[in-house]
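# Examination of the molecular architecture
Residue strings, one per chain:
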Amino acid sequence: MKTNKIFISGDEAVAQGVRLSRPHVIAAYPITPQTITVERLSEMVEAGEMDGEYMHVESEHSAISATMGASAVGARTFTASSSQGLLYMAEGLHYCSGGRWPVVMMNANRSVALPWSIYGDHRDSLSLLDCGWIQVYVEDAQEALDMIIQAYKIAEHKDVLTPMMVNLDGFILTHTYELVDIPEQKMVDEFLPAFETPNKMSFEEPKNLGFSSKPDDNTEFKYQQNEAMFNAIDVIRDVDQEFAEKFGRKYHDMVEEYRCEDAEVVLVALGSVCGTIRVVVDKMRAEGKKVGLLKIRYMRPFPEAEVKDLARRVNAIGVIDKDISFGYEGTVYTNVNSAISKIDKYVYKSNFVGGLGGRDITKADIEEMFNKLFSGVENKSEEKVEFFSLNVETND
Amino acid sequence: MKEIRWHGRGGQGGFTASRLLGIAASVHGGKHALAFPSFGPERRGAPVLAFTKIDDSKIHDRSEVQESDYVVVMDETLITPGFEKGVRPGATILVNTEKVEKYQDALKGFQVIGIDATSLAMEVLGRPITNTAMYGALAAASGLVSLEAALASIRTEMKPKLAELNVKIVEKAFELINN
């Protein structure tokens with residue numbers, strides 16, 4: 001297969017993915033560490049390298065509003081944000097999913113204030129897990145580019161029609177340069193046809209954009225939204241398969257298992273830290289320790305079947321959360337734990353909260369987590385939630 | 001995996017050099033590379049770091065660089081107490097200086113190599129922008145990338161007129177180190 005590899009950052013890779021997806025309308029407001037993406041897109045539109053309209057909006061709230069409106073009249077749309085900007089969009093995010101407009105967004109994962117911080121963690125997007133958007137988390141710049149293209153195909157599918165958020169770690173991915181293969185436009189066009197929607201609003205078919213409901217029909221709307229999200233699971237699988245056949249890169253659908261075949265203990269994580277975990281898994285495997293990684297790609301829809309399947313095969317599961325739901329535990333852990341509770345087997349569990357506000361997660365940290373999981377199984381310990389870089393447990 | 005740490009001041013082009021090395025190693029050298037700045041706000045003149053990771057296979061490790069194999073110092077006033085932290089014992093340290101001898105005691109346990117990059121940059125560019133001189137010196141001292149790959153990365157990344165001046169600088173720096 002012919003390749004065109006260039007050395008670019010995660011932010012630039014996203015911009016390339018957007019260009020290749022030919023959106024009609026881009027509306028975004030710049031925020032660190034997403035800024036380079038929207039700067040590049042603005043430059044590409046200005047230079048005539050892509051046909052879309054770039055709307056310079058005055059805020060993130062306007063960005064999501066503009067993309068929703070454009071999507072309602074049948075346009076393919078893109079927006080991007082991060083952290084406080086994403087939170088400022090929050091009202092619109094629910095509108096967008098409720099309206100079933102398949103807007104695609106890039107979110108550069110960044111901590112949320114206070115303390116004000118531009119560095120990365122997952123507290124921005126995980127705090128919006130319930131806003132009805134499909135959420136995928138990527139591990140490198142290539143996956144970021146590829147998932148933008150896949151996102152349109154998934155979100156715009158007639159059985160899904162749900163907006164999708166592609167999450168990449170601020171700085172660790174957005175600002176790191178690496179080799180990225182840029183697919184040919186012709187191949188992307190073949191993979192991703194023009195956006196067609198049965199809900200298109202036009203002069204011939206006027207529709208109501210901000211519709212309301214009463215108690216006797218609201219539940220039906222929400223039921224359908226939930227069904228659409230479950231429908232996405234099959235679509236995600238099909239789209240990933242088709243993508244692999246076309247471009248030669250496969251991302252293993254909802255989750256990726258790494259060396260889990262005969263694993264005794266497994267770490268579960270999202271995003272770029274999965275790469276570092278792979279390195280530690282290889283090291284510990286070479287020492288004869290049966291460890292593995294479960295990379296969760298999609299947080300919504302949630303990969304319940306995959307988590308249960310893994311839990312049936314292992315003795316311990318540790319979940320790394322770059323977030324904390326104050327007063328309880330990490331949000332990824334809550335979700336993983338809910339799936340594990342549905343199988344009829346004891347699995348030792350532990351939640352490792354860390355990487356907050358950009359703090360490095362080192363290989364030594366990860367090795368220690370694996371060792372704690374081994375000793376947790378051996379000592380039949382109580383389940384633990386710990387801030388691992390502080391070495392304190394919250395349920396002591 | 002080889003890890004390289006670049007020291008400069010905001011505006012001196014340290015991050016550009018880290019990317020040039022990444023391009024030479026990956027696009028022109030068939031290896032894999034990551035290049036990234038020290039994350040966070042940037043200010044002209046303030047001390048800044050940049051990093052390059054190079055390996056034969058895909059680089060999955062996204063944690064911070066903890067043990068550099070090579071350190072490049074574009075401005076010698078940045079060698080301050082604590083500088084050696086995070087540098088692997090025996091690592092090669094390249095310093096832009098007229099007098100490398102003065103670091104032999106302070107940086108014991110490392111291979112310290114000096115090059116007067118400022119004079120070289122002034123001679124070719126007429127400006128004290130030393131990133132490509134240090135880049136050429138690193139290529140020669142380390143063998144991480146070939147001279148051809150280093151020159152190709154400059155031509156990939158810079159506009160033709162500027163590229164030719166920097167090609168000249170890299171060639172001269174490479175020669176100075178090899179001699």
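Residues numbered from 1 in each chain as written. Chains lettered and ligands numbered in written order. Predicted model: local features only at pLDDT ≥ 70, side-chain atom pairs only at ≥ 80, totals over all residues. Heavy atoms only, no water.

### Things to note about the side chain of Ser350(A)
Summarising the element assignment, Ser350(A) is placed in strand S14 (residues 348-353). Once residues within four sequence positions are removed from consideration, Ser350(A) is found in contact with Ile317(A), Gly318(A), Val319(A), Tyr333(A), Leu373(A) and Lys384(A). (Helix = DSSP H or I, 4+ residues; strand = E, 2+ residues; numbered from the N terminus. Contact = heavy atoms within 4.5 Å.)

### A look at the sheet that holds strand S10 (residues 265-269) of chain A
All names here are of chain A. In space, the 7 strands of this open sheet follow the order S9-S11-S10-S13-S14-S15-S16, with mixed pairing throughout. Among the strands making up the open sheet, the edge pair consists of strand S9 (255-258) and strand S16 (392-393). As judged from the 4 bridges shared by S9 and strand S11 (residues 291-296), these two strands associate in the antiparallel manner. Residue pairing for S11: Glu256 is matched across the bridge by Lys295. Those strands touched by helix H13 (residues 363-378) are S10, S11, strand S13 (316-321), S14 and strand S15 (384-387), and its axis lies near 130° from that of S10. (Pairing = 2+ DSSP bridges. Axes fitted to C-alpha atoms, helices over the stretch in contact; angles between N-to-C directions.)

### Remarks on the UniProt feature "domain: Pyruvate/ketoisovalerate oxidoreductase catalytic" (unreviewed entry) in chain B
On the UniProt side, "domain: Pyruvate/ketoisovalerate oxidoreductase catalytic" (unreviewed entry) is annotated at positions that read residues 10-175 of chain B here. Taken end to end, residues 10-175 of chain B is 36% helix and 22% strand, and its first and last C-alpha atoms sit 28 Å apart. (UniProt positions renumbered as here; feature names shortened; annotations may be inferred.)

### Remarks on the sheet that holds strand S3 (residues 47-55) of chain B
Taken together, 8 strands build an open sheet; the order of strands is S1(A)-S8(A)-S2(B)-S3(B)-S1(B)-S4(B)-S5(B)-S6(B) and the sheet is mixed. Each edge of the open sheet is held by one strand with a lone partner, namely strand S1 (5-9) of chain A together with strand S6 (111-115) of chain B. Strand-to-strand twist across the sheet, computed as the mean angle between neighbouring axes with direction ignored, equals 25°. Strand direction decides the pairing type here: strand S5 (residues 87-96) of chain B and S6(B), joined by 5 bridges, are parallel. Across the sheet, the residue bridging to Asn96(B) is Ile115(B), located in S6(B). Helix H1 (residues 10-21) of chain A contacts S1 and strand S8 (177-181) of chain A of the sheet and is inclined by roughly 120° relative to S1(A). Relative to the sheet, helix H5 (residues 160-178) of chain B contacts S5 and S6 of chain B, its axis offset from that of S6(B) by approximately 130°.

### Structural notes on the state of the cysteines
All names here are of chain A. Per the stated rule, a full pass over the model turns up 0 disulfides over all chains. For the unlinked cysteine Cys131, the closest cysteine sulfur is that of Cys96, found at 9.0 Å. Looking at the unpaired Cys260, the closest cysteine sulfur is the one in Cys274, lying at 11 Å. A residue is classified by how much of its surface remains accessible, and Cys260, at 1% relative accessible area, is buried. (Disulfide = S-S within 2.5 Å. Buried < 20%, exposed > 50% of the residue type's maximum accessible area, 1.4 Å probe, protein only.)

### Structural notes on the packing of aromatic side chains
Taken as a whole and judged by the stated rule, the model has 7 aromatic pairs over all chains. Judged by centre distance (5.9 Å) and plane angle (40°), the rings of Tyr119(A) and Phe171(A) are tilted. Here Tyr119(A) is found in the loop between strand S5 (104-109) and helix H6 (123-126), whereas its partner Phe171(A) is found in the loop between strand S7 (164-169) and S8, with 52 residues between them in sequence. For the pair Phe191(A) and Phe247(A), a centre-to-centre distance of 5.7 Å together with 75° between the ring planes defines the contact as edge-to-face. On the criterion of sequence distance, the pair formed by Phe191(A) in helix H8 (residues 185-191) and Phe247(A) in helix H9 (residues 215-247) is long-range, its members being 56 residues apart. Both residues of the pair, Phe191(A) and Phe247(A), count as buried. Taken together, the ring pairs connect Phe191(A), Phe243(A) and Phe247(A) into an aromatic cluster. Across the ring face of Tyr177(A), the terminal group of Arg19(B) is positioned such that the distance to the ring centre comes to 4.9 Å. For Arg19(B), the ring lying beneath its charged end belongs to Phe15(B), and the centroid distance is 5.2 Å. (Phe/Tyr/Trp six-rings, centres within 6.5 Å; stacked < 30°, edge-to-face > 60°. Lys NZ or Arg CZ within 6 Å of the ring centre and 35° of its normal.)

### Quick word on the interface of chain B and chain A
Between chain B and chain A, the residue contacts involve 22 residues of the former and 24 residues of the latter. Carbon and sulfur atoms supply 61% of the area that chain B and chain A bury against each other, a total of about 1,900 Å² over both sides. Sorting the residues of chain B by area buried against chain A places Phe39(B), His60(B) and Arg62(B) first, and these three jointly supply 35% of that buried surface. Here chain B is connected to chain A by 3 salt bridges. Across the pair Lys58(B) and Asp140(A) runs a salt bridge, and its minimum N-O distance is 2.8 Å. Secondary structure elements with two or more residues in the side of chain B that touches chain A: helix H1 (14-26) and strand S2 (32-37) of chain B. (Buried area = accessible area lost by both parts, 1.4 Å probe. Salt bridge = Lys/Arg side-chain N within 4 Å of Asp/Glu carboxyl O.)

### Considerations on the pairing of S11(A)
All names here are of chain A. Burial within S11 is extensive, with 6 of its 6 residues counted as buried. The alternating pattern of S11 places Val291, Leu293 and Lys295 on one face and Gly292, Leu294 and Ile296 on the opposite face, and all of these are buried. Handedness of the β-α-β unit built from S10, helix H10 (residues 273-286) and S11 comes out right-handed. (Right-handed = clockwise from strand over helix to strand, strands pointing away.)

### As for the environment of Ile296(A)
All names here are of chain A. Relative to the helices and strands, Ile296 resides in strand S11. For Ile296, a relative accessible area of 0% translates into the label buried. Put simply, Ile296 and Glu242 are 54 residues apart on the chain and 20 Å apart in space, counted from C-alpha to C-alpha. In this view, Ile296 contacts Met254, Val255, Val268, Ala269, Leu270, Phe302, Pro303, Val332 and Val336; residues no more than four positions away in its chain are not counted.

### Regarding unusual backbone geometry
All names here are of chain A. Of note, the bond from Leu114 into Pro115 is cis; its omega dihedral lies within 30 degrees of zero at -10°. Locating Pro115 in the fold gives a position in the loop between S5 and H6. In the segment running from Arg300 into Pro301, the intervening peptide bond is cis, with an omega of -10°. By secondary structure assignment, the location of Pro301 is in the loop between strand S12 (298-300) and helix H11 (304-311). Despite not being glycine, Lys380 shows a phi value in the positive range, around 45°. Here Lys380 shows up in the loop between H13 and S15. Residue classification places Lys380 among the exposed residues on the basis of a relative accessible area of 70%. A positive phi angle is found at Asn391, which is not glycine, with a value near 60°. Along the polypeptide, Asn391 turns up in the loop between S15 and S16. The exposed category is assigned to Asn391, whose relative accessible area is 56%.

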